[in-house]
Amino acid sequence: MDNIEVLRAQEEWQRAGAYSVRIQGMNRQHNISLREEFDEHDCDGTKYIVLLKEGYPIATARFYELSKDTVMIGRVVVLPEYRGNHLGNLVIEEAELWIRELGYTCINIESRTNAIEFYEKLGYSVTDSTVVQSGVFECVKMEKRL
């Protein structure tokens, strides 16, 4: 997809783009309450990637530190009308680039079971195949070493 701008959102006005995508792509689409979608990790220490098309936020992911060398990527969302354009790949790749620049060496993800193959193609491996319920989704733990 052409003309995609990558935003490393750290200020509140920039994070609003990430929140907008999450509200449209998760809250409304999957009937997830705002309280469930926005948690204790939506705070100043968390970093967000937002993809913009013509200034409009269309995809996002967030990451936050788990330990001095490990981060958790989550809340990966592409608006429904933009899915199928490899924007999920792009948002993860951009997050990984930033994560490397910050000096982290390991990324954890709690993947929805229907997204395992997507993350495997990006180099992630299942570390615990136990399926856990995370809100309305069934998830497994995955990891990638940088």
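Above this text you will find the structure in question.
Predicted, not measured: the structure shown is a model, and the values here were computed from it. (Residues numbered from 1 in each chain as written. Predicted model: local features only at pLDDT ≥ 70, side-chain atom pairs only at ≥ 80, totals over all residues. Heavy atoms only, no water.)

Asks: What is the right way to look at the overall build of the protein in this model?
Replies: Counting its regular elements, the protein contains four helices and seven strands. Each helix (α) and strand (β) of the protein, taken in turn from the N terminus, gives the series β-α-α-β-β-β-α-β-α-β-β. A principal-axis box enclosing the C-alpha atoms of the protein has dimensions of 40 × 35 × 30 Å. For the protein, the residues scored as buried account for 47% of the 146 residues in total. Of all intrachain contacts in the protein linking residues separated by at least 6 positions in sequence, the fraction that spans at least 24 positions is 61%. Accessible surface, the protein: about 7900 Å² in total, of which carbon and sulfur atoms supply 46%. (Helix = DSSP H or I, 4+ residues; strand = E, 2+ residues; numbered from the N terminus. Buried < 20%, exposed > 50% of the residue type's maximum accessible area, 1.4 Å probe, protein only. Contact = heavy atoms within 4.5 Å. Areas by Shrake-Rupley, 256 points an atom, 1.4 Å probe, with all protein chains shown as cover.)

Asks: What should I look at first to understand the nonpolar core in this one?
Replies: Nonpolar side chains tend to gather and get buried jointly when the protein is soluble and globular. Grouped together as the largest cluster of nonpolar side chains are 34 residues, with contacts concentrated most on Ile73, Ile92, Ile99, Tyr119 and Tyr124. Only helix 1 (12-27), strand 2 (47-53), strand 3 (56-67), strand 4 (70-78), helix 3 (87-101), strand 5 (106-112), helix 4 (116-121) and strand 7 (137-145) provide two or more residues apiece to this core. A total of six residues in this core trace back to one element, the largest contributor, which is helix 3. Aside from chain neighbours lying at most four places away, what touches Tyr119 is Val76, Ile92, Ile109, Ser111, Tyr124 and Met142. Core analysis: the next-biggest nonpolar cluster, separate from the first, contains eight residues, Leu7, Ala9, Tyr19 and Phe38 among them. (Core = buried A, V, L, I, M, F, W, Y, C linked by side-chain atoms within 4.5 Å.)

Asks: How should I be thinking about unusual backbone geometry in this particular structure?
Replies: A negative phi angle characterises most non-glycine residues, just as the trans form characterises most peptide bonds. Even without being glycine, Glu54 reaches a positive phi, approximately 55 degrees. As for its position among the elements, Glu54 is in the loop between strand 2 and strand 3. A positive phi is found at His86, a non-glycine position, where the angle reads about 65 degrees. With respect to the helices, strands and loops of the structure, His86 is situated in the loop between strand 4 and helix 3.

Asks: I'm lost on the environment of Asn27 in this one. Help?
Replies: Looking at the element boundaries, Asn27 is found in helix 1. Sequence separation between Asn27 and Ala9 is 18 residues; the distance between their C-alpha atoms is 20 Å.

Asks: Help me understand the sheet that holds strand 4 in this model?
Replies: Where strands meet in a sheet, backbone hydrogen bonds hold them as pairs that are either parallel or antiparallel. With mixed pairing, seven strands are arranged side by side in an open sheet as 1-2-3-4-5-7-6. Two strands bound the open sheet, and with one partner strand each, they are strand 1 (4-9) and strand 6 (125-134). Strand after strand, the sheet turns through a mean of 25 degrees between neighbouring axes, direction not considered. In terms of strand pairing, strand 1 meets strand 2 through six bridges, oriented antiparallel. (Pairing = 2+ DSSP bridges. Axes fitted to C-alpha atoms, helices over the stretch in contact; angles between N-to-C directions.)

Asks: Is there a simple way to explain helix 1 in this structure?
Replies: In an α-helix, one turn spans 3.6 residues, which is why side chains three or four residues apart end up on the same side. An ideal rise of 1.5 Å per residue puts 22 Å on 16 residues; helix 1 reaches only 20 Å between its terminal C-alpha atoms. Of the positions making up helix 1, those classed as buried are Gln14, Arg15, Gly17, Ala18, Tyr19, Val21, Arg22, Gly25, Met26 and Asn27. (Expected span 1.5 Å × (residues − 1).)

Asks: Mind showing me how you'd approach helix 3 here?
Replies: In this model, helix 3 (15 residues) spans 21 Å end to end at C-alpha, consistent with the 21 Å of a helix rising 1.5 Å per residue. In the segment just after helix 3, Gly103 is the residue with positive phi, at about 90 degrees.

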